Amino acid sequence: MATSSTGGVAVAISRCSSATARLIGFTSRSRSSNVLLLTRLKPSFCIRCVSGEPKQRVRDPVTEEGDLEILRSFPLEAASIASSIQYHAEFTPLFSPENFESPKAFFATAQSVRDALIINWNATYDFHEKMNVKQAYYLSMEFLQGRALLNAIGNLKLTGEYAEALEKLGHTLESVASQEPDAALGNGGLGRLASCFLDSLATLNYPAWGYGLRYKYGLFKQLITKDGQEEVAENWLEIGNPWEIARNDVSYPVKFYGKVVTRSDGKRSWIGGEDIVAVAHDVPIPGYQTKTTINLRLWSTKVPSDQLDLFAFNAGEHTKACEAQANAEKICYILYPGDESEEGKILRLKQQYTLCSASLQDIISRFERRSGGNVKWEELPDKVAVQMNDTHPTLCIPELMRTLMDLKGMSWEEAWKITQRTVAYTNHTVLPEALEKWSYDLMQRLLPRHVEIIEMIDEQLVGDIISEYGTSNPEVLEKKLAAMRILENFDLPASVAKLFAKPKESPIVETGEEVEACDEALPASVAKPKESPIVETGEEVEACDEALPAPVAKLFAKLFTKPKESPIVETGEEVEACDEATITDKDEPALKETQEENKAVNLEPVSIPPPKMVRMANLCVVGGHAVNGVAEIHSEIVKEEVFNDFFQLWPEKFQNKTNGVTPRRWIHFCNPDLSAVITKWIGTNDWVLKTEKLAELRKFADSEDLHIEWRAAKRSNKTKVASFLKQKTGYSVNPDAMFDIQIKRIHEYKRQLLNILGIVYRYKKMKEMTAAEKEAKFVPRVCIFGGKAFSTYVQAKRIVKLITDVGATINHDPDIGDLLKVVFLPDYNVSAAELLIPASELSQHISTAGMEASGTSNMKFAMNGCVLIGTLDGANVEIREEVGEDNFFLFGARAHEIAQLRKERAAGKFVADERFEEVKEFVKSGAFGGNNYDELLGALEGNEGFGRGDYFLVGKDFPSYIECQEKVDDAYQNQKRWTKMSILNTAGSYKFSSDRTIHEYANDIWNIEPLQIN
């Protein structure tokens, strides 16, 4: 057993040079069996331990005869594959032997496929070890993989062979594949993008790994009941995951709490506290038409068995005895646990640090091993590129600094230079609430050494800002510091605070002034914003007591001082500490005395100091060498608004990398009918790897023959979805109607509310018409929704409830029939998307302009010949440019208009369209049941205030939206025109392949090169 220099266990398995040393292997057996694979695979193969094993002689797997024989000998014909499946059903069973039903068939089939992946996986790993080139590591809290079976055999080019083999065994490939649960490792576009990137990295032969967490229960499984959305735990791991390999020999310690001490050599050391162990679980990611198979390493958490308190257990204190194990395991229970409570916040921060700590220990261990006995730390950025997918892995920055300084003995300057050259950051949002901030107090308790390092980074940043802007204009400097500091609501260093010192004022507080103004060392805009209503735990209002009348100071101490155990209040929570219930009978005399004093001095209420926070996005920008947005318009907003001050200081850091999706999963495999049509007309299937060839469809866009084949493929997919919806929801839909789809997580800015209100308007108008008028005016539509509302996001859950109520009414209205159906698909996931997207004809991407970073589902829809209706937001802008303005239905306000429109609304200048008011009143009338929608619709009313004022501009864009929908109806009635639009959407989607995006990351940010096994 070897221990890594970072403290993690990295047990090595030998090179597996003999059958007895193999972890998993096939050997020739004397028994005569129908398992043909056993006689074919003479040189056994193994699952390599891709961990921190000692450096050994590395063979070139593409030149040594044994490995070549392995690569040649994997069964490629249906009979051998069938035997391999039978072998796994018999010898690696997870089910009883009595039968061979579909679930058992799936596991046996998956294990058979995994055999092939392991061969390529080992070869890839050995080759990367030998070449010792720079490798990229993609850290993400989410990897929304979807099902793996069809994708894996498709990438191996064995789909036909496996289909035939399963037919020999009495099953169909489709029925077996349907048994696989979706891996519950993500929620939305962030996780799906990460998975597309891994597919492209493997396909393009880049040396790269992904790192994430192995969530036992996922986000949640969504149920739709009469009360709306309900959540239950995911069960995707209940009967095991045939794709993963638990690396119990690859584990690393992760610490929380404790304290920091100074060692005898002057270095800082983090000791004590709570220790857990992160254990690796590896999932092979195969490339398309290549042997390259890369790794997704997922971490689970536990404690050593000796932390079970047997004394307490045998004394009957079972919960206490298992407390340490329970605390460790729950870190990887749930994706995005609710963080309304302090415990929820602690758990989320533990998740983020576990991902960063375990992954960096693993990366550094590999760097040290590949360096042999001559580790040169200054070369780390030449061998390692760490990409932080959003702000969740931000702690990589202080963790890498801690490792280099405290464990490797480097100076601050050396460690900082290496860290900045190693780490890069992808921003995925412009929403302020999504730019993570953590309570300083919480982080200081949980990660004390990291807070010390963050404070030092912040102090260095302050110095950089002053060096850049000088001190001649204190007002400008003050604004820069307020916007750019990592530590929010903190005093400036004393040397800097002197720059803003003001003459000492009278202790008498004048009318309208804040009591905290006496803190002359700190400008209010930097440290204590007047408007902030946030209370931080344990902070006492003492700074200005000497300036207050004694009774006032006494009362304030009672009202605003919180006990140490009080939970931390995060941004966005309202301060209610001073309501009338807080003032006790004992306080009344002091209160009356205070009121008299107030009359004398006209004293205004004291503003409460806002909480001290750590701004993670600012830390990402400061600590990394590159910052990229994910669509052209988003990257401009990042530069001009979100991080404008940083952009002015370091313009060279900022880039755009427009997102993409893998064409393998998102058209070639999920839409075989349309793929066959494309291949026929282009004359090659090279477009699966070179999507620019899709543009060749443009020259056939008017061909009637292509139109016929194109519509037939679409009709076939719609028929499948009609059956799927019947199975999942009980609703019958007409496959000849237009399929109008909006599938994405439920959020106010994504505006599912606008969509359903548009449907309500459509329904209301239908009810006012005769049957003949309805049929002449409206195209039959099936409106399909899918997506999860976060469990504590009340407004989003109200939107789900409205959608389901509207559907229940319309779908049972005999006056409407097949002219309009509304279906909410429960528990939307990747597998559902792979059915819905190929069947789609209109897709809605209607977020408030400037609020969607990119979106990736819009790319998938366009790739599958779906016409989009949307705003000029995110990647919609670029999609419209590529497919042509005439082939995209555009509506709504533009991004540069949004701020002014909100100001006008706040000033009472907005006048709602009468159709919008009509729809709201119709909903309130009870037309869709007895549920009260006042709170949902109340957000669309009023001019300003929390939960008011229509922040997402649903009312503003509603007239434009319904008018655009009329244009959709007109276009769909002309099927020749619509089919041409559909073809041109696919032709113009070539830019939105994740292969293009990954090439850009590799060239512009990571500086890595493809490394192909010949």
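Numbers given to residues run from 1 along each chain, matching the order in which its sequence is written. Confidence filtering applies because this is a predicted model: local features only for residues at pLDDT of at least 70, side-chain atom pairs given and counted only at 80 or more, and all residues used for totals across whole chains, interfaces and linings. Side-chain figures throughout are based on the complete set of non-hydrogen atoms in the structure, without hydrogens or water.

**Q** Looking at this model, I keep getting lost on unusual backbone geometry. Mind explaining?
**A** Residues apart from glycine generally show negative phi values, whereas peptide bonds are mostly found in trans. We note that Asp 827 has phi near 55°; this positive angle belongs to a residue other than glycine. Think of it this way: any DSSP run of H or I at least four residues long counts as a helix, any run of E at least two long counts as a strand, and we number them from the N terminus. Its place among the elements puts Asp 827 in the loop between strand S20 (820-825) and helix H32 (830-839). Only protein chains enter the calculation, and the probe is 1.4 Å; a residue is then buried if its accessible area is under 20% of its type maximum, exposed if over 50%, and partly exposed in between. We classify Asp 827 as buried; its relative accessible area is 17%. One non-glycine residue with positive phi stands out, namely Asp 950, at about 50°. With respect to the secondary-structure elements, Asp 950 resides in the loop between helix H37 (934-938) and helix H38 (954-973).

**Q** Mind showing me how you'd approach a nonpolar patch on the surface here?
**A** Like-charged residues are merged into a patch within 9 Å and nonpolar side chains (Val, Leu, Ile, Met, Phe, Trp, Tyr) within 5 Å, provided each residue has over 30% relative accessible area and no salt bridge. Each accessible area is a Shrake-Rupley estimate made with a 1.4 Å probe; only the visible protein chains count as cover when residues are assessed. Here, a salt bridge means any side-chain nitrogen of Lys or Arg that lies within 4 Å of a carboxyl oxygen of Asp or Glu. A contiguous nonpolar surface patch, about 260 Å² in accessible area, is contributed by Leu 308, Leu 310 and Phe 313. Among the secondary structure elements, Leu 310 is positioned in helix H9 (residues 310-314).

**Q** Quick question: what am I supposed to make of helix H8 (residues 189-203) here?
**A** Since there are 3.6 residues in each turn of an α-helix, residues three or four apart along the chain are aligned in direction. Expected helix span is computed as 1.5 Å times (number of residues minus one). The end-to-end C-alpha distance of H8 is 21 Å, a good match for the 21 Å that 15 residues give at a rise of 1.5 Å each. Extensive coverage of H8 is indicated by the burial of 14 of its 15 residues. Positive phi appears at Asn 205, one or two residues downstream of H8, with a value of about 65°.

**Q** Looking at this model, I keep getting lost on a negative patch on the surface. Mind explaining?
**A** Counted as positive: Lys and Arg. Counted as negative: Asp and Glu, with His and the chain ends omitted from the count. Just so you know, the charge point we use is NZ for Lys, CZ for Arg, CG for Asp and CD for Glu. A surface patch of negative charge is lined by Glu 378, Glu 379, Glu 413 and Glu 414. The residue Glu 378 is located in the loop between helix H12 (342-371) and helix H13 (380-383) in this model. Overall, the relative accessible area of 48% leaves Glu 378 in the partly exposed class.

**Q** I'm lost on the environment of Met 388 in this one. Help?
**A** Here Met 388 shows up in strand S11 (residues 384-389). Sequence spacing of Met 388 and Cys 620 is 232 residues, and the spatial spacing of their C-alpha atoms is 8.4 Å. Apart from the residues lying within four places of it in its own chain, the contact partners of Met 388 are Leu 139, Pro 393, Thr 394, Cys 396, Ile 397, Val 423, Ala 424, Tyr 425, Thr 426 and Cys 620. Two residues qualify as a contact provided that any one of their heavy atoms is within 4.5 Å of a heavy atom in the partner residue.

**Q** Teacher, can you tell me more about the sheet that holds strand S22 (residues 867-870) here?
**A** Picture the strands of a sheet paired through backbone hydrogen bonds; they go either parallel or antiparallel. One open sheet holds the six strands; their spatial order is S20-S19-S18-S21-S22-S23, and the pairing between them is parallel. Strands at the two margins of the open sheet, each flanked by one partner only, are S20 and strand S23 (888-890). Across this sheet, the average inter-strand angle for adjacent strands is 20°, counted without regard to direction. When DSSP finds at least two bridges between two strands, those strands are taken to pair. Summarising the sheet, strand S18 (residues 738-743) and strand S21 (residues 842-845) pair through two bridges and their orientation is parallel. If you follow Ile 741 over to S21, its bridge partner there is Ser 843. Across the face of the sheet, helix H39 (residues 975-987) comes into contact with S18, S21, S22 and S23 while running at roughly 85° to S22. Here the axes come from fitting lines to C-alpha atoms, over the contacting stretch only for helices, and the angles between their N-to-C directions go from 0 to 180 degrees.

**Q** How should H32 be read in this particular structure?
**A** Counting buried positions along H32 gives nine out of 10 residues, so the element sits mostly inside the fold. Along H32, the residues classified as buried are Val 830, Ser 831, Ala 832, Ala 833, Glu 834, Leu 836, Ile 837, Pro 838 and Ala 839. For H32, the capping residue at the N-terminal end is Asn 829, with a side-chain oxygen 3.3 Å from the backbone nitrogen of Ser 831. Throughout this description, a polar contact denotes any pair of N or O atoms lying within 3.5 Å of each other; where both atoms belong to protein, one of them has to be capable of donating a hydrogen while the other can accept it, and for residues adjacent in sequence the pair is counted only when both atoms sit in side chains.

**Q** Could you clarify how one ought to interpret the pattern of salt bridges in this entry?
**A** Two side chains with opposite charge may pair up if their charged atoms get near one another. Scanning the entire structure with this criterion turns up 63 salt bridges. The residue Arg 214 makes a salt bridge to Glu 244 at a minimum N-O spacing of 2.8 Å. Residue Arg 214 is located in the loop between strand S3 (208-213) and strand S4 (221-225), and its partner Glu 244 is located in the loop between strand S5 (228-232) and strand S6 (245-256); the two are separated by 30 residues in the primary sequence. Taken as a pair, Arg 214 and Glu 244 share a single burial class, namely buried. A salt bridge links Arg 615 to Glu 488; the shortest N-O distance between them is 3.5 Å.

**Q** How do you make sense of the side chain of Lys 639 when you look at a structure like this?
**A** Here Lys 639 is to be found in helix H24 (residues 632-642). A relative accessible area of 19% means that Lys 639 is categorised as buried. Contact partners of Lys 639, with chain neighbours within four places excluded, come to Asn 644, Phe 647 and Phe 654.

**Q** I keep staring at the sheet that holds strand S14 (residues 487-488) and nothing clicks. Help me out?
**A** One open sheet holds the three strands; their spatial order is S13-S15-S14, and the pairing between them is antiparallel. Of all the strands in the sheet, just strand S13 (437-439) and S14 have a single pairing partner and so form its edges. With two bridges joining them, S14 and strand S15 (residues 613-615) adopt antiparallel strand pairing. Bridging from a neighbouring strand, Leu 487 pairs with Val 614 of S15. Against the sheet, helix H23 (residues 616-623) makes contact with S13 and S15, and its axis sits at roughly 45° relative to S15, the strand it touches most.

**Q** Would you mind showing me how to read the side chain of Lys 255 here?
**A** Along the chain, Lys 255 falls in strand S6. At 2.8 Å, the side chain of Lys 255 forms a polar contact with the backbone oxygen of Gly 272. Only 2.9 Å separates the side chain of Lys 255 from the side chain of Asp 275, close enough to count as a polar contact. Excluding residues that lie within four positions of it along the chain, Lys 255 makes contacts with Trp 270, Ile 271, Gly 272, Glu 274, Asp 275, Tyr 353 and Leu 447.

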